[in-house]
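Per-entry structural report
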Amino acid sequence: MIGDGTRGAVVADARVFQEDWVPGDMHHRDAELNLMASALKPVVEGDPGTELLLTGPSGTGKTCSAKYLLGKLRERVLDIETQYVNCWSDYTRYRVLFRILDGLDSAEAIRNRSSASDLLERLREVDIPVVVILDEVDQLAESAVLYELYELPHVEMVLISNGEAEVLAGIDDRLQSRLRTATRVSFDRYGTDALVSILEQRAQKGLQPDVVGRSELEAIARAADGNARNAIAVLRSAAQLAESRDLDGIAEAIVDDAVSDAQTRVRRTLLEKLNDHQRVLYDVIASDEPIAPGDLYDAYEETVEEPRTKRTLRTYLTKMEQYSLVVAEGSAQGRRYRTGDPGPDDR
């Protein structure tokens, strides 16, 4: 059915290439999944589990692994709820609690609770275990909500961030103390062979038979440099380019064009994720790069009505660096920021 955008000469199921698609079998993350499962095993037996802290570079499978594991958990446990919150978009106390309850209560019941405290009280009343994935947790503007969730015995948290230091920098001492007992799971970048295996899995599910060969998948994997999200984005672009050119397969000549196309898509997606303050910082850098931190902060404060603290701005810049939207060159007094080059061929 080409009309619904899911089948074509090359693409069999476009959903497979969406960022939120979770495979039925996770490749090359057995050790990480086993460690995560051990931390949550008590939940299966009706007891409190251990908080999880997943860290590693973008595109290393943290989010996908967490969603995959929670899917398996729901298969085994009847009375359990699981929720996913992206703290980059839902970064306030109210929005985190709203998102958690969004899957537990009716929309009308949630709307009738006008404050974050009301939402927290409703969450306290839930009488079954709730496991919550808090993705990009270092982006929370009100990290005190983590302590409130930690205090609820029936709520287990899976915290996801690029680095542990970014998470700990934004929370108070009492929560830092509690998180010392969390199970830490580190995700490293994929090797080329592992990325090819992941791409083969997506190709088998999402593409028509025999439209892409191993050599093309290897070229995509090399361009992605260990980042599965970027590799999948290139494969998606390659399939779309092949169809737009009326080809019945993905030739290696398409891969270079697909890398450039996917890079543009990745950049656009990342820029759309930025909150208002991050976007101001990015625009200032883009208009006057390279720019020193002091000049950047001054221009930012002149632009917004209620500027955030310099510590918060440094956190924002760190996040944008992690996704290669900006690059910091030099150190101390010589530091300068410029816009980066995020995408599948990002190094």
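Residues numbered from 1 in each chain as written. Predicted model: local features only at pLDDT ≥ 70, side-chain atom pairs only at ≥ 80, totals over all residues. Heavy atoms only, no water.

As enumerated under the stated definition, the model contains 24 salt bridges in all. The salt bridge involving Arg279 is made with Asp283; its shortest N-O contact spans 3.0 Å. With Arg279 and Asp283 both in helix H13 (residues 276-287), this residue pair falls 4 residues apart, about one helical turn. On the basis of relative accessibility, which here comes to 33%, the residue Arg279 falls in the partly exposed class. (Salt bridge = Lys/Arg side-chain N within 4 Å of Asp/Glu carboxyl O. Helix = DSSP H or I, 4+ residues; strand = E, 2+ residues; numbered from the N terminus. Buried < 20%, exposed > 50% of the residue type's maximum accessible area, 1.4 Å probe, protein only.)

This part is about the layout of surface pockets. Counted as a void, the second largest pocket has a volume near 350 Å³. Along the wall of the second largest pocket there are 18 residues; nearest its centre are Asp138, Leu140, Gly170, Thr312 and Thr315. The residue makeup of the lining of the second largest pocket includes at least three contributed by each of domain 1 (30-186) and domain 3 (274-339). (1 Å grid on protein atoms, 1.4 Å probe; cavity = no way out; pocket = protein on both sides within 12 Å on 5 of 7 lines; lining within 4 Å. Points joined across faces, edges and corners; volume = space filled by probe spheres on them. Domains from an automatic or database assignment.)

Here we take up the domain arrangement of the protein chain. Interface size is commonly expressed as the accessible surface area that is lost when the partners come together. Split into domains, the protein chain comes out as domain 1 (30-186), domain 2 (195-270) and domain 3 (274-339). For domain 1 versus domain 2, the separation of C-alpha centres amounts to 32 Å.

Here we come to the side chain of Gln139. Checked against the element boundaries, Gln139 lands in the loop between strand S3 (130-135) and helix H6 (144-150). Using a relative accessible area of 4% as the deciding quantity, one classes Gln139 as buried.

So, on to the pairing of strand S4 (residues 155-161). The element S4 is extensively covered by neighbouring structure, given that 7 of its 7 residues are classed as buried. Burial of S4 is two-sided: the residues Val155, Met157, Leu159 and Ser161 facing one way and the residues Glu156, Val158 and Ile160 facing the other way are all buried. Alignment of strand S1 (residues 52-55) against S4, held across 4 bridges, turns out to be parallel. Within the sheet, the bridge partner assigned to Leu52 lies in S4 and is Val158. Bridge count for S3 against S4 is 5 bridges, and the pairing is parallel. Paired with Val130 across the two strands is Val155, which belongs to S4. In the classification by handedness, the crossover that spans S3, the intervening H6 and the parallel S4 is right-handed. (Pairing = 2+ DSSP bridges. Right-handed = clockwise from strand over helix to strand, strands pointing away.)

Bringing unusual backbone geometry into the picture now. Between Glu289 and Pro290 the backbone carries a cis peptide bond, its omega angle lying at -10°. Tracing the sequence through the fold places Pro290 in the loop between H13 and helix H14 (293-303). Positive phi values are uncommon outside glycine, yet His28 reaches one of about 70°. Residues other than glycine seldom take positive phi values, yet Ser324 does so here, at roughly 60°. One can find Ser324 in the loop between helix H15 (310-322) and strand S6 (326-329).

A few words now on the packing of helix H3 (residues 93-102) against helix H5 (residues 116-125). Packing of H3 against H5 leaves a shortest axis separation of 9 Å and a crossing angle of 35°. In the packing of H3 onto H5, the handedness of the crossing is left-handed. Together, Arg93, Tyr94, Leu97, Phe98, Ile100 and Leu101 of H3 and Ala116, Ser117, Leu119, Leu120, Arg122 and Leu123 of H5 make up the contact between the two elements. Broken down by class, the residue content of the contact of H3 with H5 amounts to 9 nonpolar, 1 polar and 2 charged. (Axes fitted to C-alpha atoms, helices over the stretch in contact; angles between N-to-C directions. Left-handed = near helix turned anticlockwise from the far one by under 90°. Contact = heavy atoms within 4.5 Å. Nonpolar A, V, L, I, M, F, W, Y, C, P; charged D, E, K, R; others polar.)

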